[in-house]
Structures are given as C-alpha cells and as structure tokens.
Amino acid sequence: MKNVSPQLLHDLRSPLNQIIGFSEILTEEAQSEAPTGFVDDLGQIRAAGYRMLAIIEENFTVLTNDDDDGESAPGAVQGFKEDSPSGPIRMTHAPAAPGVLLVVDDDATNRDVLSRRLTRQGHAVRTASSGNEALQLMRDVAFDVVLLDIMMPDMDGYEVLGHIKSDEKLRHLPVIMISALHEVQSVVRCVEAGADDYLAKPFNATLLKARIGACLDKKRGRDREIALFEQLQTNFKRLEELEKLRDDMRNMIVHDLRTPLTSVIVGVEMAEKYGPLNAQQQEMIRIAVDGGNTLLAMINDLLDVEKMESGSSNLVYEDLSAEALITSAIAQVATLAIDSETTLVTDIGAGLTVFQGDENKLSRTLVNLIANAIKFTRRGTVTINASQDKDSVRFAIRDNGAGIPMEAFERIFEKFGQLDPSSRVGTGLGLAFCKLAVEAHGGRISVESTPGAGSTFSFTIPTKAP
C-alpha cells in the first residue's frame, strides 16, 4: 500500500466523485422518462466509478505526520464509508422542511453536482467559490446550513470554520464539512473545531438528506429559542412598564388620599368642641378617629415602602438608645395590649451603649413587630429583648402565640404578603416595611417559629452608620 499526500488523493478521488454524482442525478431524472437500457448504462457508469474508488482506497493511504516508521495508518475511517453501489440507506424519520443552504467549494463542477442534488431535495441553494466569498455571503444572507469543503486554496475549510465559530452572529450556524477523503484526522479536527457534521464524497443521497435534515432541525430549534427569548424580553419589558404605571397611579391615589383623610380625622375630633356629646356619640367619635388613624397609618406604610423600594427614602442618623426606643414603642401599643389582655415584658441587656440609626423608622419597626405579636397572641405574654455585641444591637420580640409554619417565613416579609390571605388580617405591609427599614441600616431581620409554640422576630442594627 503506497503513501500519498492528502492533496494527491483528493485530486484522484474528485473526478470520480463527479462522475458518480452526475450519473446518480441523471439516473434519478431518467428513471421515469428514459429507456430502461439508458438507465442501466448510467448504473454501469456509477458502478465503475465506485470500483475505481475502491482500487484507490485499497492501494493508497494518506501520508500523515505520525507516519515515522514507514508504516502508515490506514487513511479510511473504519465503518465510515458512506456509499456503495448496493445496500441503500433508508431514512427512519420524516425529512425536515426545506431550508436555505450555502455550498462552499472551489471546484465549479463539485458545486454544480451538490447544488443540483440539494435543489432536487427542495432546498434553496447559494454557492461560493472561496472562503472569503462564503463569509461575506453569510453576513448578508440568513442561511440555515453551510456545506463547507475542506481542501480549498488561499483559505481552507478549517480556517473558514474558525472564522464562523469566532463570529458572534454566525457561531450558531450549523456547518457540515465535506471532503473527498475518508480521513480520520479530518473528522476529528472538524469536530473539535465546532463542525456539526462531516460528509465524505461521493454522497449517498439519503444520507445527505438525513444529515442536512438533522442540522436544519437543530438550527430551527435554536431559532425558536431565540424568538421565544426575544418575546419573553418584550413581554417582560411591557410588564415592567405596566407595573410602573400601576405603582405610579397607586402612589398618586394614595398620596392624594392622605390630605382629605387627615381633614376627616381632624373634623371628627373637633366635633366634641362644639357641644356636649352623650356616651354613645363619644364612642362613635372614638371609633371613627381610630379607624381614620389606622387608615392613615396604612397609607403612610405604603408610601414609605414604595420609597424604600425605589431607594428615594433617606435615613436620618442620630444617636439612639435601645432602651428608649423600646419604651417609646411599648407606650404606642399599650392600649392594644390591654384590649387583648396581653402582658408585655422587657428584657434589656446590661452594658447597652448608644448606637446610630433613624429613630422614626426603627421605632416604627419595633411598633409593628410588637403590635403583630400582640395581635396573634391574645391573653399571652410578649417579651421584648435588647442585647449588644461588639458591632451591632439586637432586638428580639418573642410571643407564645399560634406560631408560623416554616414555608411562610419568606412570604410574610414580602409586600402584601400575609400568613393567611383569606383572613384579611392587616395589609401585609408592616413586615415588608420592617425588612426594608432594617436592611436600609445594613442590618438583618429574621423569624424563628414553631406552630403552636410561638414566634420570635429579631433584627440587628450596626452600631455605626455605614
């Protein structure tokens, strides 16, 4: 067996591939029109071409850099020979819909043979005679698959493949490498460089159709992914716009509600000043004022939450005392504790020092957490604890109420998140405000709870302003 260069073997096989290719095309075209003898003659030509290819395969091997002992490794890929005069290949799945294909080959006859085959399969085909021409066409035309010859002058198929895979716009375009050689190293090199498939000449029509179909399916699958992703991006952008519009309208409405609501509260409170009221009237006035103040607090919570979420709420830092904050918060919920027959207990750690924070937001955080504990405890005990380590102050509010299931821990801190939405207890803004206020200080808030055994809400605040 004689060693020859890849170029020589390529040059020996190419005209035979063309003879076989044209004879197959003519056979397909003539089967329904030409005399049987004419079709048989074309079959003889095709068979002769295959015999000559077999002789070349049996007597020549590709000379490689690894052949250093005079014994060359076989040039043909074992089991890779794709066509023979007998044993037709059958497709096992439905062929893909036609696509737009680019055939790249420096030999005009090779381009003609392959283009005619692909056109008969229903594809739209463009051709290029060089790597540079092919790359320019790929940038101008949206191809579905590229069939790229390996051995070309100036820029070979490997180099063209490298340009395709390094171009962000082209890298996902399926590429089938084609060659007149059944050569192992070529297959390996193509796969490693990112080729989607490899075909050796002469082509089996059914195998060619199947491999192009597989690449078309891959390309269309990716096109669908891209289209879906773009649609998702468009929908997401639209959703963001609608959410912003909704939030802007809600904030405008809520903000505008605050002024007339304040007027209603003040007007009701002033009613007592214009004449004596009986006990029942005084009770109605108290209920109206309490309801108005509750609604006003909800409006303020919503506005504050929106401001903190958007980053437009600035903290006003000052020196604070943990004990003073707790005392102030307890005074604001004392009536609620009395009404629910809940006992409030304080546990102030020794050695607490002054720390820095926004008094208004931290006071409201404590009030919200203590009020929640009272609301869900009733006739129990709520303990408010403060302690300090080197860098932070820790507040903890512990109750012996019904407790909270673990799966609800994250939800209750979300805006409008509630333990039981059907109960309509509260607005779901209080804990969201607490979380945002604590995190704005650079602290953390968490909950520990066991259903039936109570809950502990705790948060830490750094002793120094960031």
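Residues numbered from 1 in each chain as written. Predicted model: local features only at pLDDT ≥ 70, side-chain atom pairs only at ≥ 80, totals over all residues. Heavy atoms only, no water.

What follows is about the sheet that holds strand β13 (residues 444-449). Spatial ordering of the open sheet is given by β9-β11-β12-β14-β13, a layout of five strands whose pairing is mixed. Edge positions in the sheet fall to β9 (343-348) and β13, since each has one partner strand and no second. Shown here is a sheet whose adjacent strand axes are inclined to one another by a mean of 15°, direction ignored. Where strand β11 (residues 381-388) meets strand β12 (residues 392-399), seven bridges bridge the pair, whose relative direction is antiparallel. Residue pairing for β12: Ser387 is matched across the bridge by Arg394. (Pairing = 2+ DSSP bridges. Helix = DSSP H or I, 4+ residues; strand = E, 2+ residues; numbered from the N terminus. Axes fitted to C-alpha atoms, helices over the stretch in contact; angles between N-to-C directions.)

By size, the foremost hydrophobic cluster in this structure holds 36 residues, and its most contacted members are Phe355 and Phe395. It is helix α10 (residues 359-375) that provides the largest number of residues to this core, a total of eight residues. Contacts of Phe395, omitting those with residues within four sequence positions, involve Ala322, Leu325, Ile326, Phe355, Leu366, Asn385, Ala386, Phe457, Ser458 and Phe459. (Core = buried A, V, L, I, M, F, W, Y, C linked by side-chain atoms within 4.5 Å. Buried < 20%, exposed > 50% of the residue type's maximum accessible area, 1.4 Å probe, protein only. Contact = heavy atoms within 4.5 Å.)

Within β12, six of the eight residues are buried, leaving the element largely enclosed by the surrounding structure. Joining the antiparallel neighbours β11 and β12 is a turn of three residues.

Let us now look at helix α3 (residues 108-120). Under the 1.5 Å per step criterion, the end-to-end length of α3 is 18 Å for 13 residues, consistent within 8% with the ideal 18 Å. Buried within α3 we find Asn110, Arg111, Val113, Leu114, Ser115, Arg117 and Leu118. Here α3 starts with a cap whose side-chain oxygen sits 2.8 Å from the backbone nitrogen of Thr109, and that cap is Asp107. Among the residues trailing α3, Gly122 stands out with phi positive, at a value near 100°. (Expected span 1.5 Å × (residues − 1). Polar contact = N/O pair within 3.5 Å; in protein donor to acceptor, adjacent residues only side chain to side chain.)

So, about the packing of helix α8 (residues 279-310) against helix α11 (residues 430-440). Here α8 crosses α11 at 40°, and the two axes come no closer than 10 Å. Classified by the angle their axes make, α8 and α11 are oblique. In the crossing of α8 with α11, the sense of the turn from one axis to the other is left-handed. Where α8 abuts α11, its residues Asp304, Val305, Met308 and Glu309 lie against Phe433, Leu436 and Ala437. The residue inventory of the contact of α8 with α11, partitioned by class, reads five nonpolar, no polar and two charged. (Parallel < 35°, antiparallel > 145°, perpendicular 65-115°, else oblique. Left-handed = near helix turned anticlockwise from the far one by under 90°. Nonpolar A, V, L, I, M, F, W, Y, C, P; charged D, E, K, R; others polar.)

The next point concerns the sheet that holds strand β4 (residues 124-128). Taken in spatial order, the five strands make up an open sheet running β4-β3-β5-β6-β7, and their pairing is parallel. If you trace the sheet from one side to the other, it starts and ends with β4 and β7 (197-200), each paired once. If you compare each strand with its neighbour and ignore which way they point, the axes differ by 20° on average. Bridge analysis of strand β6 (residues 175-179) against β7 gives four bridges, and the strand direction is parallel. Each bridged residue has a counterpart across the sheet, and for Ile178 the counterpart in β7 is Leu199.

So, about the pattern of salt bridges. In total, this model carries twelve salt bridges according to the counting rule given. Where Arg211 meets Asp197, a salt bridge forms, and the shortest distance between an N and an O atom there is 3.6 Å. One end of the pair, Arg211, is in helix α7 (residues 205-270); the other, Asp197, is in strand β7, and 14 residues separate them in sequence. Across the pair Arg286 and Asp290 runs a salt bridge, and its minimum N-O distance is 2.8 Å. On the criterion of helical spacing, the pair formed by Arg286 and Asp290 is a turn pair, its members being four residues apart in helix α8. (Salt bridge = Lys/Arg side-chain N within 4 Å of Asp/Glu carboxyl O.)

Put simply, α10 and α11 touch, their axes get as near as 9 Å, and they point 145° apart. Regarding α10 and α11, the two cross each other, and that crossing is left-handed. Along its contact with α10, which presents Lys361, Arg364, Thr365, Asn368, Leu369 and Asn372, the element α11 presents Gly430, Leu431, Phe433, Cys434, Ala437 and Val438. Considered class by class, the residues forming the contact of α10 with α11 number six nonpolar, four polar and two charged.

For residues besides glycine, phi is generally negative; the peptide bonds are generally trans as well. Positive phi is not limited to glycine here, since Asp154 has a value of about 65°. For Asp154, the position within the fold is in the loop between β5 (145-149) and α5 (157-166). For Glu341, which is not glycine, the phi torsion reads 55° and is therefore positive. One can find Glu341 in the loop between α9 (322-339) and β9.

Summarising the element assignment, Lys361 is placed in helix α10. Among buried Asp, Glu, Lys and Arg side chains, Lys361 stands out as unpaired, with Asp358 the closest opposite charge at 4.1 Å. When neighbours within four sequence positions are excluded, Lys361 is seen to be in contact with Met308, Ser313, Asn314, Leu315, Phe433 and Ala437. (Lys, Arg positive; Asp, Glu negative; His and termini not counted.)

Our focus in this paragraph is the pairing of strand β3 (residues 100-104). Regular strands place side chains that alternate from one sheet face to the opposite one. Of all five residues in β3, four are buried, a share of seventy percent or more. As paired elements, β3 and β4 share five bridges and run parallel to each other. From the neighbouring strand, Val104 faces β4, where its bridge partner is Ala128. A crossover links β3 with its parallel partner β4, the connecting element being α3, and its sense is right-handed. Where β3 lies against β5, four bridges are found, and the strand directions are parallel. Looking across to β5, one finds that Leu101 is bridged to Val145. (Right-handed = clockwise from strand over helix to strand, strands pointing away.)

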